[in-house]
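# Chain and residue survey
Letter by letter, the chains look like this.
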Amino acid sequence: MRRSLYVGLRCVGCGSEFGRGERVLTCTACGSELDAIYDHGRAGAFFRGVRRSPVGSIWDFGPMMPVTREEAVVSLGEGWTPLLKAERLGRRIGIPKLLLKDETRNPTLSFKDRAISVAVSKAVEWKKEVLVTASTGNLAAAVSAYAARAGLKAFILTAASTPLVKRIQTAAYGTTVVPVRGATTDNARALAGELVKERGWYPAMTHSTANPFTLEGAKTAAYEIFYQMGGRFPDWVMVGVGGGENLAGHWKGFRELRPDGEAEGLPRLVGVQGRECAPFVEAVAKNLSYEELKPWKGAHTIASGLADAYPADARLALRAVRESRGTGVAVSDAELLEGVGLMAREAGVFAEPSGAAGLAAAIRLREDGVIDGSDQVVCSVTGSGLKQYEEFSATLRIGRPIRGELRAFERAYPA
Ligand SMILES: *Cc1c(COP(=O)(O)O)cnc(C)c1O
Ligand SMILES: [Zn+2]
């Protein structure tokens, strides 16, 4: 790993700074979330020299990571996922320059691997032995895989709504899966917080209010989009919002690519949620501050990755939308399933409902005339269709078995 440009952590609330050797996860002065800072004077030279290594992972951006010891890095080859042109799908929805950032191609089939590779590496650097997390599925699988990779113990607290296939994937890596009562992760998350406090376990959670390092993994998707577009930025980036870290991470990554820190010329970011679980979108629409943002009552969406009643990274995510002059969009379950089907049939990418949120929102914003027909639009396809297929599979028609004879085939499929 080339020389680290990591300086330390700065509090988002009060501005207190902590050197890179200090073991803090939240601000000891005011309790707010911390943001990793780098030597921005040297970052420009680093970014000009970035090359994808033969293996190709987020660690090609190692100097812009908060991990300073190469031996600590825990990687499964996450990142450098394809940025696919989706011309046929794009023409169909009136956005010919549509691009899909195919995050389903990460090691555990979701974008969470970026964040967890960084967080678990930091746990190794800090010689932590036990990890704990709370999740409805993709985070659970990622923490479990990277804990196994590092040889660490992990307790994975899951909500009752966690799809069976995600539970199986999580348990396969040999960590301890603890189902916690409750449809959302609220109870599990509170318990995880207590275990961090009482037992000194390491929080492998993807929101800055619990762990400042995961955002550093999420931001690498923005770096990749820039390089994959030949050193340019798209007009729009569409991101599903659960806790809001993926959205905030994209904004951090884009900002860091501009040495002057200017937002001018950077993409507009759109945060997408389910219509029945849209606290973030509502806060954007009503121009609420993050302090005014209230948990959504009776939250319900088929997008299990977006089912957070309260977006834990509200502060950074709202900032991302406002500074980028972006917006928020709430989509229905039907729009999500329509998005899954369109993306699979017209672009060859099979997403879970949460992963189709960006596309569903792009369709809506194009219809409303917010997105122009000549705009370049990137959708973050956050998780694989194999992760949650129950609702979508009900829309598919698969033929009944026939005898393996030409006559039987011709009867079933007339020429
Ligand atoms: C976690 C998750 C999201 C939401 O990401 P946040 O960073 O929590 O906003 C979206 N899609 C999928 C597939 C996820 O697993
Ligand atoms: Zn502070």
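Summary of the structure given here. Note that the structure is a prediction, hence the values are computed from the model and not measured. Counting of residues starts from 1 at the beginning of each chain's written sequence and follows it residue by residue. Starting at A for chains and at 1 for ligands, labels are handed out in the order in which the entities are written. Per-residue local features are limited, in this predicted model, to residues with pLDDT of at least 70; the limit for side-chain atom pairs, both in listing and counting, is 80 or more; totals at the level of whole chains, interfaces and linings are taken over all residues. Here the side-chain values reflect all heavy atoms present in the structure, with hydrogen atoms and water set aside.

### Digging into the site of ligand 1
Proximity criterion: a residue is near a molecule or strand once any of its heavy atoms comes within 4 Å of it. The environment of ligand 1 is made up of 16 residues, and the closest members are Lys112, Asn138, Gly242, Gly244 and Thr382. The definition of a polar contact used here is a pair of N or O atoms within 3.5 Å, where within protein one atom must be able to donate a hydrogen and the other to accept one, and adjacent residues in sequence count solely through side-chain atom pairs. Asn138 places a side-chain nitrogen or oxygen 2.7 Å from an oxygen atom of ligand 1. Gly244 is positioned such that a nitrogen or oxygen atom in its backbone is 2.7 Å from an oxygen atom of ligand 1. For every accessible area listed, the method is Shrake-Rupley and the probe measures 1.4 Å; residues are considered covered only by the protein chains on display. Protein contacts shield 95% of the accessible area of ligand 1, which totals 380 Å² for the unbound molecule.

### Considering the coordination of the zinc ion (ligand 2)
Note: metal donors comprise N, O and S atoms at 2.8 Å or less from the metal (3.2 Å for Na, K and Ca); water molecules are not included, so apparent gaps in a site are possible. Coordination of the zinc ion (ligand 2) by the protein is provided by Cys11 (SG), Cys14 (SG), Cys27 (SG) and Cys30 (SG), with metal-donor distances spanning 2.3 Å. In this scheme the shape depends on donor count and angles: four donors with every angle between 85 and 135 degrees give tetrahedral, four or six donors with opposite pairs above 155 degrees and others between 65 and 115 give square planar or octahedral in turn, and any other case is irregular. In this structure, the zinc ion (ligand 2) is coordinated by four donor atoms arranged in tetrahedral fashion, with angles at the metal of 100 to 116 degrees. Counting residues between consecutive donors of the zinc ion (ligand 2) along the chain gives the motif C-x2-C-x12-C-x2-C.

### Focus: the sheet that holds strand β2 (residues 17-19)
Here the rule is simple: two strands pair whenever DSSP picks up at least two bridges between them. A run of H or I in DSSP becomes a helix once it reaches four residues, and a run of E becomes a strand once it reaches two; helices and strands are each numbered from the N terminus. Strands sit in the order β2-β1-β3 across an open sheet of three strands; the sheet is antiparallel. A single partner strand is all that each edge strand has here, and the edge strands are β2 and β3 (34-38). Each adjacent strand pair in this sheet contributes to an overall mean axis angle of 30 degrees, direction not counted. Note that strand β1 (residues 6-11) and β3 share five bridges and pair antiparallel. The angle between two axes is taken between their N-to-C directions and runs from 0 to 180 degrees, where each axis is a line fitted to C-alpha atoms and a helix contributes only its stretch in contact.

### Regarding the environment of Ala142
Looking at the secondary structure, you find Ala142 in helix α4 (residues 138-150). With 27 residues separating them in the primary sequence, Ala142 and Gln169 have C-alpha atoms 9.4 Å apart. Whether two residues are in contact is decided by their heavy atoms: any pair within 4.5 Å suffices. In contact with Ala142, other than residues within four places in its own chain, are Thr108, Lys112, Asp113 and Ile116.

### Side note on the pairing of strand β10 (residues 236-240)
When a residue's accessible area, from a 1.4 Å probe over protein chains only, is under 20% of the maximum for its type it is buried; when over 50% it is exposed; and in between it is partly exposed. Among the five residues in β10, five count as buried, and that is most of the element. Residues of β10 alternate between two faces, with Trp236, Met238 and Gly240 on one and Val237 and Val239 on the opposite face, all of them buried. Bridge analysis of β10 against strand β11 (residues 268-274) gives five bridges, and the strand direction is parallel. Paired with Gly240 across the strands is Val272, a residue of β11. Between the parallel elements β10 and β11, the chain passes through helix α9 (residues 245-257) in a crossover that is right-handed. With the strands pointing away from the viewer, any crossover whose connection runs clockwise from the first strand over the helix to the second is right-handed.

### What to know about the sheet that holds strand β8 (residues 176-179)
With parallel pairing, four strands are arranged side by side in an open sheet as β8-β7-β6-β9. Looking at strand neighbours, the two that pair on one side only are β8 and β9 (202-203), the edges of this open sheet. Alignment of strand β7 (residues 153-158) against β8, held across four bridges, turns out to be parallel. What sits directly across from Ile156, in β8, is Val177. Packed on one face of the sheet, α4 meets β6 (130-135) and β7 and runs near 165 degrees to β6.

### What about the side chain of Asp375?
Along the polypeptide, Asp375 turns up in the loop between α13 (357-367) and β13 (377-381). Asp and Glu are treated as the negative residues and Lys and Arg as the positive ones, with His and the ends of the chain left uncounted. What makes a salt bridge here is a side-chain nitrogen of Lys or Arg within 4 Å of a carboxyl oxygen of Asp or Glu, nothing more. Within the buried set, Asp375 has no salt-bridge partner at all; the shortest N-O distance to an opposite charge, 6.9 Å, is to Arg268. At 2.8 Å, the side chain of Asp375 and the side chain of Trp236 are in polar contact. A polar contact is formed between the side chain of Asp375 and the backbone nitrogen of Asp372, at a distance of 2.9 Å. Sequence-distant contacts of Asp375, that is, excluding residues within four places in its chain, are made with Ile95, Lys97, Asp235 and Trp236.

### Side note on the packing of aromatic side chains
Classification of ring pairs uses Phe, Tyr and Trp, with its six-membered ring standing for Trp, and accepts pairs whose centres are within 6.5 Å; under 30 degrees between planes counts as stacked, over 60 as edge-to-face, and the remaining range as tilted. The full count for this structure, using the stated rule, is 14 aromatic pairs. Measuring from ring centre to ring centre gives 6.4 Å for Trp126 and Tyr202, while their planes differ by 85 degrees; the resulting arrangement is edge-to-face. Taken together, the residues span a long stretch of sequence, with Trp126 in the loop between α3 (112-125) and β6 and Tyr202 in strand β9 at a distance of 76 residues. The class for Trp126 is buried, based on a relative accessible area of 8%.

### Focus: the packing of α4 against helix α5 (residues 164-172)
For the pair α4 and α5, the least separation of the axes is 8 Å and the interaxial angle reads 15 degrees. Taken together, the axes of α4 and α5 lie roughly parallel to each other. As α4 runs across α5, the sense of the crossing is left-handed. On α5, the residues touching Asn138, Ala140, Ala141 and Ser144 of α4 are Lys166, Gln169 and Thr170. Our angle categories are set so that under 35 degrees counts as roughly parallel, over 145 as roughly antiparallel, 65 to 115 as roughly perpendicular, and the remainder as oblique. Left-handed describes a crossing whose near helix is turned anticlockwise from the far helix by less than a right angle; the clockwise case is right-handed.

### Things to note about the packing of helix α8 (residues 220-228) against α9
Contact geometry of α8 with α9 gives a least axis separation of 6 Å together with a crossing angle of 50 degrees. As summarised for this structure, α8 and α9 are arranged oblique, according to the angle between their axes. Our pair here, α8 against α9, has a crossing hand that is right-handed. In this structure, α8 contributes Ala221, Ala222, Tyr223, Ile225, Phe226 and Tyr227 to the contact, and α9 contributes His250, Gly253, Phe254, Glu256 and Leu257. For the contact of α8 with α9, the per-class residue count stands at eight nonpolar, two polar and one charged. By the convention adopted, Pro, Cys, Tyr, Trp, Phe, Met, Ile, Leu, Val and Ala count as nonpolar, Lys, Arg, Asp and Glu as charged, and the other residues, Gly among them, as polar.

### Observations concerning the pattern of salt bridges
The full count for this structure, using the stated rule, is 23 salt bridges. Residue Glu352 pairs with Lys166 through a salt bridge whose shortest N-O separation is 3.0 Å. Of this pair, Glu352 sits in the loop between α12 (333-347) and α13 while Lys166 sits in helix α5; the two residues are 186 residues apart in sequence, bridging distant segments of the chain. What makes Glu352 buried here is its relative accessible area of 1%. The salt bridge partner of Asp308 is Arg189, with a shortest N-O separation of 3.1 Å. Note that Asp308 is positioned in the loop between α10 (279-285) and α11 (314-323) and Arg189 in helix α6 (residues 186-199), a separation of 119 residues in sequence. Look at Asp308 and you get buried, because its relative accessible area is 14%. Here the salt bridges share partners, and the residues they tie into one network are Asp35, Glu216, Lys219, Lys252 and Glu256.

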